[in-house]
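Tertiary structure, described
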Amino acid sequence: TYTYRKLKNDCKKYKIKKYTTISKKNKNKHIFTKKLAHAIMKEKERLYWNSGQNRCIAVHVRHGWRSRFNSKIIMSDYIKSIQRFSKTKKILLITEDEEVIKDAESNFPDYQWLYTEYPRENKHDIGVAMSKGEVDSTAEALNALVNLFLSSECEYFVGRVNSTWFRLMIMLAYGKYGTMPPFD
């Protein structure tokens, strides 16, 4: 299994020390950076991100093509992990499955569920869907990065350490704050 020590070693290995931005040397990268900054600001405004309770928990629920590894994990399992951390009610829910959002909102109404406004089609293999033009790869990348940057502002992390994306969320927070955030 992936442990705290392994994650901290990965952060050192990849020299994640501070929060960095995409290079502006290439015009396309600069344009994408502007789009990303705008998308992050837009979502923060829509979610009232900076108002009220500042503490939040980033919850990553993977139900895409790799969900066969997590298929027996249900939302109530994630709630058990959420409750272990704190009394925080603000939850950033990161998922590609609309059903996860419906489950969270209907079965756990005591929490403030925040998630990006994005169509969640839960394609069997997102890479194939993008190459076939079934999914807009730029929009997909923007949504993923918005989730990633929003998650870096959370204090706690819940997910499955067999997910590279979940580990990336934690590494970014580590790089931003210089300390390993609590995760389960």
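Each remark here, short or long, concerns the structure printed above.
For every chain, the first residue of its written sequence is number 1, and the numbers climb from 1 along that sequence. Selection of residues for local features in this predicted model requires a pLDDT of at least 70, selection of side-chain atom pairs for listing and counting requires 80 or more, and totals for whole chains, interfaces and linings are taken over all residues. To get the side-chain values, all heavy atoms of the structure are used, and hydrogens and water are removed first.

1. Examining the packing of helix H6 (residues 137-151) against helix H7 (residues 164-177)
Interhelical geometry of H6 versus H7 gives an angle of 45° and a closest axis separation of 8 Å. Relative to H7, the element H6 lies oblique. Taken as a pair, H6 and H7 cross one another with a handedness that is right-handed. Together, Ala144, Leu148, Phe149 and Ser151 of H6 and Trp165, Leu168, Met169 and Leu172 of H7 make up the contact between the two elements. Charged residues are taken to be Asp, Glu, Lys and Arg, nonpolar residues to be Ala, Val, Leu, Ile, Met, Phe, Trp, Tyr, Cys and Pro, and polar residues to be all remaining types, Gly included. Across the contact of H6 with H7, the residue classes break down as seven nonpolar, one polar and no charged. A fitted line through C-alpha atoms represents every axis, and for helices the fit uses only the stretch in contact; the resulting angles, taken between N-to-C directions, go from 0 to 180 degrees. Under the DSSP-based scheme used, a helix requires at least four consecutive residues in state H or I and a strand at least two consecutive residues in state E, with every element numbered from the N terminus. Under this scheme an angle from 65 to 115 degrees is roughly perpendicular, one under 35 degrees roughly parallel, and one over 145 degrees roughly antiparallel; angles in between are oblique. Handedness of a crossing follows from how the near helix is turned relative to the far one, being left-handed for an anticlockwise turn of less than a right angle and right-handed for a clockwise one. Every residue pair with non-hydrogen atoms within 4.5 Å of one another is taken to be in contact.

2. Observations regarding H6
Since one α-helical turn is 3.6 residues long, residues separated by three or four positions face the same way. What a helix should span is 1.5 Å times the count of its residues minus one. Helix length check: H6, at 15 residues, gives a terminal C-alpha distance of 21 Å against a target of 21 Å (1.5 Å per residue), a fit within 8%. Think of it in three bands: residues with accessible area under 20% of the maximum for their type are buried, residues over 50% are exposed, and the middle band is partly exposed, with areas taken using a 1.4 Å probe on protein chains only. When we look at burial in H6, the residues that qualify are Leu142, Asn143, Val146, Asn147, Leu148, Phe149, Leu150 and Ser151.

3. Here we look at the pairing of strand E2 (residues 90-95)
Most of E2 is tucked away: six of the six residues are buried. Side-chain alternation along E2 places Lys90, Leu92 and Ile94 on one buried face and Ile91, Leu93 and Thr95 on a second face that is also buried. Paired strands, as defined in this entry, are two strands with at least two bridges between them according to DSSP. Here strand E1 (residues 57-61) runs beside E2; their pairing, made up of five bridges, is parallel. When the sheet's bridge partners are listed, alanine 58 is paired in E2 with leucine 92. Summarising the sheet, E2 and strand E3 (residues 112-114) pair through three bridges and their orientation is parallel. Residue lysine 90 lies in a different strand from E3, and its bridge partner there is glutamine 112. Clockwise travel from the first strand over the helix to the second, with the strands pointing away from the viewer, marks a crossover as right-handed. With helix H4 (residues 98-107) bridging E2 and the parallel E3, this β-α-β connection has right-handed handedness.

4. A word on the sheet that holds E2
An order of E3-E2-E1-E4 is seen for the four strands of this open sheet, with the pairing classed as parallel. Of all the strands in the sheet, just E3 and strand E4 (156-158) have a single pairing partner and so form its edges. Each strand of the sheet is rotated relative to its neighbour by a mean of 25°, with strand direction disregarded. Those strands touched by H4 are E1, E2 and E3, and its axis lies near 160° from that of E2.

5. Things to note about the pattern of salt bridges
Every case where a carboxyl oxygen of Asp or Glu lies within 4 Å of a side-chain nitrogen of Lys or Arg is listed as a salt bridge. For the coordinates displayed, the defined rule picks out seven salt bridges. The salt bridge partner of arginine 46 is glutamate 117, with a shortest N-O separation of 4.0 Å. Linking arginine 46 in helix H2 (residues 27-46) with glutamate 117 in the loop between E3 and helix H5 (126-131), this pair joins segments that are 71 residues apart in sequence. Given a relative accessible area of 33%, arginine 46 falls into the partly exposed group.

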